[in-house]
There are 2 protein chains.
Amino acid sequence: MAGTNRKAKAKDKPTPGPVIILVEPQMAENVGHVARAMMNCGFAELRIVKPRFDWPSRKAVAVSSGADVILEKAKIFKTTEAAVKDLKRIYATTARWRNMSKPVMTSIDTVKEILKLKIKPQQVGLLFGKESKGLDNDDVAMCDGIISIPLNPTYSSLNLGQAVLLVAYEWLRATYIHPPRQLHLRDSGFASKDELLNFYGRLEEKLDACGFLRVKEKRPRMVRHIRNIFQKAELTTQEVNTLHGIITNINIKGAKGKR
Amino acid sequence: MAGTNRKAKAKDKPTPGPVIILVEPQMAENVGHVARAMMNCGFAELRIVKPRFDWPSRKAVAVSSGADVILEKAKIFKTTEAAVKDLKRIYATTARWRNMSKPVMTSIDTVKEILKLKIKPQQVGLLFGKESKGLDNDDVAMCDGIISIPLNPTYSSLNLGQAVLLVAYEWLRATYIHPPRQLHLRDSGFASKDELLNFYGRLEEKLDACGFLRVKEKRPRMVRHIRNIFQKAELTTQEVNTLHGIITNINIKGAKGKR
């Protein structure tokens, strides 16, 4: 169907994302859409707390168009507590402000946070509430954070399947399709601020000595300008040591010389 | 509903994205879902080529839950040519390989390309074909590029509303929610490679003169290492000039000195 790739092989499959937990979903069709969205994004594990319709559901299977493997393996729970108890981190998606002190993050930042935690995706749960009013406050209170899906602020209403699709897509996007820019630190880690400030100080001392910073009024701006050059280079400890070596070897002797 | 923000004001509204063009959609409900996805992502203009149902459609309005303003303003066309003739750039979403020489890009890269073109979003069209078989080859041939929505390669089937949602979301994400990392070039543009190589050459000359690069076997690696420090700094022309100034002022006199 629209804009999809049919030629792929199983070995290209993304590794499964977090557990999707639907709390008291009201319509079986929506669970079918959720299964499909999960499969689109390589998610495997679905848990349902007190579905408001018979389970297993033929309607859900009909809507899932091929993603019924997720429905077959879905586990049903009587309480949210039971559905999350083996997990290490859970996040609530909610539209309403809960008057609770709780971190609220976009789905983009939630994914980043989960990846930084260095726990298995299968130990993380993403909770979605019932279609009519979302999660109840007790469920939200149990969560480690609240996910906000960033959309047009004047019209951000999503149905359940679309909400799962957009959150799961962010996971796939960050882990599989489009991993974030990374700096490879081949030799050593990033230089500490202390190491950098020490280098800047030593460089400026030499530049004072050779007269490059002789115009007093310009000195602060020049210093900032030069520090920024090195700041942008995201220096490692080894690179700072190299730069120290250069400064040491260059013999400063008063100013002058033309380019 | 799930994970959305209801407190926003109209002034926070994103500026409209490209034109969405549905070619021969078969089900009115799907057009309702498309309107909703468009509104979620701040898109405003919908064009429909030969809908296979009566238009205007009550069913579409019912499904659109509040996004019916997009349906009211939608324009109907008899041919794809007529629907695209005022546009400057059009992209096809398609799943099937068309045996056509045509750039295929992810939705992520398509958005980047459109933003680089520096034409108005309203001069760009995104084409979605009929639910059963997508766009026909004549329509694809007219397009400037093919959009592939990056998903789980072993299950990437999307319905029309979801396909529009994911492409429109990428637009919103890149332009409104999460603009890409940008380097502010306050003073001058990026230095040319020529300016950089010239600076590197001059620096290495000085480092040869002062003896820093005296160990012959290590020289090539040291040179690469030092060049990379400055390479990472994404230097502007003005910054390269500052660095030249530093080199000029430092008076090289044989090696030595300890840190």
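Residues numbered from 1 in each chain as written. Chains lettered and ligands numbered in written order. Predicted model: local features only at pLDDT ≥ 70, side-chain atom pairs only at ≥ 80, totals over all residues. Heavy atoms only, no water.

1. Details of the overall build of chain A
- The helix and strand inventory of chain A stands at ten helices and seven strands.
- In chain A, which comprises 259 residues, the share counted as buried stands at 51%.
- Nonlocal contacts in chain A, meaning residues at least 24 apart in sequence, comprise 82% of its contacts between residues at least 6 apart.
- Accessible surface for chain A amounts to roughly 12700 Å². Of this, 52% is attributable to carbon and sulfur atoms. (Helix = DSSP H or I, 4+ residues; strand = E, 2+ residues; numbered from the N terminus. Buried < 20%, exposed > 50% of the residue type's maximum accessible area, 1.4 Å probe, protein only. Contact = heavy atoms within 4.5 Å. Areas by Shrake-Rupley, 256 points an atom, 1.4 Å probe, with all protein chains shown as cover.)

2. Structural notes on the pattern of salt bridges
Residues and elements named next belong to chain A.
- With the rule as written, the count across this model stands at 24 salt bridges over all chains.
- The residue Asp-86 makes a salt bridge to Arg-47 at a minimum N-O spacing of 2.8 Å. In this pair, Asp-86 is assigned in the loop between helix H4 (80–84) and strand E4 (89–93) and Arg-47 in strand E2 (residues 46–49), connecting sequence segments 39 residues apart.
- As a salt-bridge pair, Lys-112 and Asp-109 come within 3.7 Å of each other at their nearest N and O atoms. Of this pair, Lys-112 and Asp-109 both sit in helix H5 (residues 107–117), three residues apart, which is roughly one turn of that helix.
- Bridged by salt links that share partners, the residues Glu-24, Lys-50, Arg-52 and Lys-130 form one connected network. (Salt bridge = Lys/Arg side-chain N within 4 Å of Asp/Glu carboxyl O.)

3. Here we look at the side chain of A:Glu24
Residues and elements named next belong to chain A.
- Note that Glu-24 resides in the loop between strand E1 (19–23) and helix H1 (28–40).
- Of the polar contacts made by the side chain of Glu-24, one reaches the side chain of Arg-52; its length is 2.4 Å.
- Beyond its immediate sequence surroundings of up to four residues, Glu-24 is in contact with Val-49, Lys-50, Arg-52, Lys-130 and Glu-131. (Polar contact = N/O pair within 3.5 Å; in protein donor to acceptor, adjacent residues only side chain to side chain.)

4. A look at the pairing of strand E2 (residues 46–49) of chain B
Residues and elements named next belong to chain B.
- Burial along E2 is two-sided: the residues Leu-46 and Ile-48 and Arg-47 and Val-49 are all buried.
- In terms of strand pairing, strand E1 (residues 19–23) meets E2 through four bridges, oriented parallel. For Ile-21, the partnering residue across the bridge sits in E2 and is Arg-47.
- Taken together, E1, helix H1 (residues 28–40) and E2 form a β-α-β motif whose crossover is right-handed.
- Pairing geometry for E2 and strand E3 (residues 75–77), over three bridges, is parallel. What sits directly across from Ile-48, in E3, is Ile-76. (Pairing = 2+ DSSP bridges. Right-handed = clockwise from strand over helix to strand, strands pointing away.)

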